[in-house]
Amino acid sequence: MTLISPNARALAALGHDARLSIFRLLVKAGPDGLRVGEIGQHLGLAPSTLAHHLSTLVDAGLVLQTKQGREVFNSVDYPAMHGLLAFLTEECCTGITCTPRDDAA
């Protein structure tokens, strides 16, 4: 497995509108996260659909699930999120020299 694979998996998970909405909602909720039912209420997702998307986010390493009694809380894995952001920006503005082309229209 290459170093890019976990990042590619995370980006693929975020590449679906429902999962991106779930992730953004959980970022807004902060470290305490939200119960599955609360996510469904906020986003209007059916429980089976929500479970599928949450599973994908958990498998991608972006969301953590903790059980408290009968309830499952979902929260963002902030170190993983920051790692993904660092991966995307680590080479920002380096290594490529742009020169204007004379034949530009």
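Values in this document were obtained by computation on a predicted structure and should not be read as measured data.

Which parts of the structure should I look at to understand the overall build of the protein chain?
A tally of helices and strands in the protein chain yields 5 helices and 3 strands. Relative to the compact-globule value of 13 Å for 105 residues, the protein chain shows a C-alpha radius of gyration of 18 Å, a clear excess of over 25%. Expressed along its principal axes, the backbone C-alpha trace of the protein chain runs to roughly 65 × 30 × 25 Å. Here the protein chain holds 105 residues, and the buried ones make up 28% of them. Taking the contacts inside the protein chain whose residues are at least 6 apart along the sequence as the reference set, 57% of them involve residues at least 24 apart. Accessible surface, the protein chain: about 7,300 Å² in total, of which carbon and sulfur atoms supply 57%. Here the protein chain contributes 8 positive and 10 negative side-chain charges, whose respective centroids are spaced 11 Å apart.

Teacher, can you tell me more about the pattern of salt bridges here?
Side chains bearing opposite charge may pair, as long as their charged atoms lie close to each other. With the rule as written, the count across this model stands at 2 salt bridges. Residue Arg 35 pairs with Glu 38 through a salt bridge whose shortest N-O separation is 3.1 Å. One salt bridge connects Glu 71 with Arg 35, and the closest N-O pair in it is separated by 3.3 Å. Taken together, the positions of Glu 71 in strand β3 (residues 71-76) and Arg 35 in strand β1 (residues 34-35) put the pair 36 residues apart, joining distant regions of the chain.

Please clarify how the side chain of His 53 should be interpreted in this entry.
Counting through the fold element by element, His 53 comes out in helix α4 (residues 47-59). Residue His 53 is classed as buried on the basis of its relative accessible area, which comes to 6%. For His 53, the residues in contact, after removing those within four places along its chain, are His 16, Ala 18, Arg 19 and Ile 22.

Quick question: what am I supposed to make of the sheet that holds β3 here?
Pairing between sheet strands relies on hydrogen bonds along the backbone, with the strands arranged either parallel or antiparallel. With respect to topology, 3 strands assemble into an open sheet ordered β1-β3-β2, the strand pairing being antiparallel. Both edges of this open sheet fall to β1 and β2 (63-68), since each of them pairs with a single strand only. For β1 and β3, the ladder comprises 2 bridges, and the chain directions are antiparallel. Each residue of the ladder has a partner; that of Arg 35, found in β3, is Phe 73. Each of β1, β2 and β3 touches helix α2 (residues 17-29); the most contacted strand, β3, lies at about 90° to it.

Would you mind going over the nonpolar core with me for this structure?
For soluble globular proteins, nonpolar side chains are generally found buried alongside one another. Formed by 18 residues in total, the largest nonpolar core has its most connected members in Ile 22, Phe 23, Leu 26, Ile 39, Leu 57 and Leu 62. Among the secondary structure elements, those contributing two or more residues to this core are α1 (4-14), α2, α4 and α5 (78-89). With 4 residues, the single largest contributor to this core is α2. Residues in contact with Leu 62, not counting those within four places in the same chain, are Ala 10, Ala 13, Leu 14, Phe 23, Leu 57, Ser 75, Val 76, Asp 77 and Leu 84.

How each quantity is defined
- Residues numbered from 1 in each chain as written.
- Predicted model: local features only at pLDDT ≥ 70, side-chain atom pairs only at ≥ 80, totals over all residues.
- Heavy atoms only, no water.
- Helix = DSSP H or I, 4+ residues; strand = E, 2+ residues; numbered from the N terminus.
- Rg over C-alpha atoms; globule rule 2.2 N^0.38 Å.
- Buried < 20%, exposed > 50% of the residue type's maximum accessible area, 1.4 Å probe, protein only.
- Contact = heavy atoms within 4.5 Å.
- Areas by Shrake-Rupley, 256 points an atom, 1.4 Å probe, with all protein chains shown as cover.
- Lys, Arg positive; Asp, Glu negative; His and termini not counted.
- Charge placed at Lys NZ, Arg CZ, Asp CG, Glu CD.
- Salt bridge = Lys/Arg side-chain N within 4 Å of Asp/Glu carboxyl O.
- Pairing = 2+ DSSP bridges.
- Axes fitted to C-alpha atoms, helices over the stretch in contact; angles between N-to-C directions.
- Core = buried A, V, L, I, M, F, W, Y, C linked by side-chain atoms within 4.5 Å.

Nothing here speaks to function; it is all geometry.
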